[in-house]
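Structure at a glance
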Amino acid sequence: MEKINDGEGHPSSSHQALKGTSRWATSLENLLEDPEGVKSFREFLKKEFSEENVLFWLACEEFKKTQGKKQMQEKAKEIYMTFLSSKASSQVNVEGQSRLSETILETPHPLMFQKLQDQIFNLMKYDSYSRFLKSDIFLNHKKSEEQEENSPEAQTAAKRASRIYNT
């Protein structure tokens, strides 16, 4: 029999593990861990003209995993040019940005954007995230999830699963 994990390698029971919108609603961290959640949040931020915030946050997360100085330099420059430079196409609004210069790109390190990433995270968490949870995008997603859960097929599958595990 196959073990069920919660995505982080921890065993989970179907009764304890929150999925989809229920999980997204518990925290911005949970939302950002779910590719479907990120997709919906981006869709919402696009309408608010602030999609660059989540894109910057995701780019910084990816940057932290980058190996090798050359790759780090290239990725750091890409993040700088896309989000932080005064000529950036998707400029994010963070404090201390004006003090950043291209010289920092010469000696990159995994956490070089951490302070700025934290600022953007907090901006999303205390501003856009709460509006997202009240948005049509989120509510429609939640409604369609609930309809799927209440469909006869889902109930039959749940009954089958309970029969399997309760034998």
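Before reading further, recall that the structure is shown in the block above.
Rules behind the numbers
Residues numbered from 1 in each chain as written. Predicted model: local features only at pLDDT ≥ 70, side-chain atom pairs only at ≥ 80, totals over all residues. Heavy atoms only, no water. Helix = DSSP H or I, 4+ residues; strand = E, 2+ residues; numbered from the N terminus. Buried < 20%, exposed > 50% of the residue type's maximum accessible area, 1.4 Å probe, protein only. Contact = heavy atoms within 4.5 Å. Areas by Shrake-Rupley, 256 points an atom, 1.4 Å probe, with all protein chains shown as cover. Salt bridge = Lys/Arg side-chain N within 4 Å of Asp/Glu carboxyl O. Expected span 1.5 Å × (residues − 1). Axes fitted to C-alpha atoms, helices over the stretch in contact; angles between N-to-C directions. Bend = angle between axes of the 7 residues up to and from the residue.

Looking now at the overall build of the protein. For the protein, the helix and strand inventory stands at eight helices and zero strands. When the elements of the protein are put in sequence order from the N terminus, they spell out α-α-α-α-α-α-α-α. Out of the 167 residues belonging to the protein, those deemed buried represent 34%. Here the contacts in the protein between residues at least 6 apart in sequence split such that 60% fall between residues at least 24 apart. By element, 51% of the accessible surface of the protein is carried by carbon and sulfur atoms, the whole surface being about 11,300 Å².

What follows covers the pattern of salt bridges. Here the structure, examined in full by the defined rule, presents seven salt bridges. With its nearest N and O atoms 3.7 Å apart, the salt bridge here joins Glu-74 to Lys-70. Placement of both Glu-74 and Lys-70 in helix H5 (residues 69–84) is noted, with a separation of four residues, approximately one turn of the helix. Given the relative accessible area of 55%, Lys-70 is considered exposed. Among the salt bridges present, the one from Arg-131 reaches Asp-127, with a minimum N-O distance of 2.6 Å. On the criterion of helical spacing, the pair formed by Arg-131 and Asp-127 is a turn pair, its members being four residues apart in helix H6 (residues 114–134). Each of Glu-48, Asp-127 and Arg-131 takes part in salt bridges that share partners, so that together they form one network.

Attention now goes to helix H4 (residues 51–64). When the terminal C-alpha atoms of H4 are compared, their 21 Å separation across 14 residues agrees well with the 20 Å that a helix rising 1.5 Å per residue should span. Residues of H4 that are buried: Glu-51, Glu-52, Asn-53, Val-54, Phe-56, Trp-57, Ala-59, Cys-60 and Phe-63. Its buried side turned inward, H4 meets helix H2 (28–33), helix H3 (35–47), H5 and H6.

Moving on, we come to the packing of H3 against H4. The N-to-C vectors of H3 and H4 enclose an angle of 145°; their axes lie 7 Å apart at closest approach. Along the contact surface, H3 presents Val-38, Phe-41, Arg-42, Leu-45 and Lys-46, while H4 presents Glu-51, Val-54, Leu-55 and Leu-58.

Below, the discussion takes up H6. Spanning 21 residues, H6 covers 29 Å between terminal C-alpha atoms, matching the ideal 30 Å at 1.5 Å per step. When the local axis directions of H6 are compared, the greatest deviation, roughly 45°, occurs at Ser-128. Of all the positions in H6, only Leu-116, Gln-117, Ile-120, Phe-121, Met-124, Ser-128, Tyr-129 and Phe-132 are classed as buried. Next to the buried residues of H6 lie helix H1 (20–24), H2, H3, H4, H5 and helix H7 (136–149).

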